[in-house]
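# Inside the fold
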Amino acid sequence: MSLMRAERALLDERRALTRDEALAIAALPLDELPDLIALAHKVRLRWCGPEVELESLINAKSGGCPEDCAFCSQSAHFRTGVDLYAMLDLDEVLAAARATREAGATQFCIVVAVRGPDERLLTQVLDATEAVRAQTGLEVAVSLGILEPGQAERLAAAGVRRYNHNLETCRALFPSICSTHTWDERVETCRMATAAGMELCCGGILGMGESLEQRVDFAFELAALAPVEVPINLLDPRPGTPLGRTPLLSAREALQAIALFRLILPGAWLRLAGGRERVLGNFRRWACTPARTR
Ligand code: SF4
């Protein structure tokens, strides 16, 4: 498939690309990258519009996670020197939410480094959600890891608008990244969140050793979950983790992957997240397809 044919499919026929079509675009020579990026930008404007949404997050509990995700400085399995603290109290969360509102953001995301919430943590997050909404009017998103049956419904009932749970990478690569839980457990939590009525924020990290074809597969695996928002992180290797010495993606590879994600997920809000400064450097303005910032 040529870029012209892809443009017709996405803009005139208003449909996403098939896997074969996306693989054909991925195989185009990299000297066509500027045209691919230009197409991604047109798709973003046509499908999502020009708006940018500001969101702020708080790491409400840091470090000591029992899981062994190979990229993650929050894991208790690795010596990374990350800050270690238990769940912040309600006043601290509220202070961060007020600062978020004063900075002009409309979304506030409570992030907790755990495998999944126990009853005590879940209750703290439910209380924090209700207080943030009542006292600031901000929309609340949460990231609490793997959910048990019934927990998603309680979060939705408390007013959580969006659940963030990344697949991190494609199904094929995941077992080499994490041994303490499965890719399917992550997918199951995503399904629980949407079944409970929350919007889904679900993405991952590029540059963990996946092939170009696996990047395309990953984008399609995400698309199957119909996320509203897709965070794209570019691996910024954390010292002390098993991926700590992984070479950075080149800016060209990263830009190509971001543009392919846009063509495969034309209606999703893409959010370029961690690693963008280090990997893209001065090419950051080329990655114009995301419409959300943190
Ligand atoms: S479950 Fe989340 S916080 Fe825990 S090690 Fe994996 S990515 Fe890090």
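See the structure shown above.
Residues numbered from 1 in each chain as written. Predicted model: local features only at pLDDT ≥ 70, side-chain atom pairs only at ≥ 80, totals over all residues. Heavy atoms only, no water.

### As for the site of the ligand
Rule in force here: It suffices for a single heavy atom of a residue to lie within 4 Å of a molecule or strand for the residue to be listed as near it. Detection works on a 1 Å grid of protein atoms alone, calling trapped sets that fit a 1.4 Å probe cavities and calling open sets with protein on both sides within 12 Å along at least five of seven lines pockets, with lining residues defined by an atom within 4 Å of a point. Whether a molecule lies in a cavity or pocket depends on its atoms, and more than half of them have to be within 2 Å of the grid points. Under the scheme applied, nonpolar residues are Ala, Val, Leu, Ile, Met, Phe, Trp, Tyr, Cys and Pro; charged residues are Asp, Glu, Lys and Arg; polar residues are all the others, including Gly.
Close to the ligand lie Cys 65, Glu 67, Cys 69, Phe 71, Cys 72, Gln 74, Ser 75, Ala 113 and Arg 186, which account for all nearby residues. The cavity where the ligand resides is the largest pocket. Its residues placed into classes, the shell around the ligand shows five nonpolar, two polar and two charged.

### Some words on helix 2 (residues 19-26)
Because each turn of an α-helix spans 3.6 residues, side chains separated by three or four positions in sequence point in the same direction. Short version of the rule: Burial here depends on accessible area, computed with a 1.4 Å probe over protein chains only, as a share of the maximum for the residue type. Under 20% is buried, over 50% is exposed, and the range in between is partly exposed. Helix and strand assignments follow DSSP, with helices taken as H or I runs no shorter than four residues and strands as E runs no shorter than two, numbered in order from the N terminus. What the arc covers is the set of directions going from the helix axis to the C-beta atoms. Working rule for contacts: check all heavy atoms of both residues, and any pair within 4.5 Å makes them a contact.
Listed as buried for helix 2 are Glu 21, Ala 22, Ile 25 and Ala 26. Burial along helix 2 is one-sided: seen end-on, the buried residues are contained in an arc of 140°. As for helix 2, its buried residues are in contact with helix 1 (3-12), helix 3 (33-48), helix 9 (212-223) and helix 10 (251-264).

### Remarks on the layout of surface pockets
Put simply, the test is: Grid points are joined across faces, edges and corners, and a volume is the space filled by probe spheres set on the points.
Space inside the largest pocket adds up to approximately 1,200 Å³. Forming the boundary of the largest pocket are 39 residues, of which Phe 71, Cys 72, Gln 74, Val 111 and Asn 166 lie nearest the centre. Where the lining of the largest pocket is concerned, the elements lending two or more residues are strand 1 (53-61), strand 2 (107-112) and strand 7 (229-234). A class-by-class count of the residues in the lining of the largest pocket yields 17 nonpolar, 13 polar and nine charged.

### Some remarks on the pattern of salt bridges
The condition that has to hold: Only one rule defines a salt bridge in this text: a Lys or Arg side-chain nitrogen within 4 Å of an Asp or Glu carboxyl oxygen.
For the structure shown, the criterion picks out 20 salt bridges. Glu 67 is paired through a salt bridge with Arg 115; the nearest N and O atoms lie 3.1 Å apart. Remark: Arg 115 occurs in the loop between strand 2 and helix 5 (119-136) and Glu 67 occurs in the loop between strand 1 and helix 4 (90-102); sequence separation between them is 48 residues. A residue is classified by how much of its surface remains accessible, and Arg 115, at 31% relative accessible area, is partly exposed. With a closest N to O distance of 2.5 Å, Glu 199 and Arg 162 form a salt bridge. Separated by 37 residues along the polypeptide, Glu 199 in strand 5 (residues 199-201) and Arg 162 in strand 4 (residues 162-164) bring together distant segments of the chain. According to the relative accessible area criterion, Glu 199 is partly exposed, its value standing at 22%. Within the structure, one salt-bridge network assembled from shared partners comprises Glu 139, Arg 161, Arg 162, Glu 199, Glu 229 and Arg 271.

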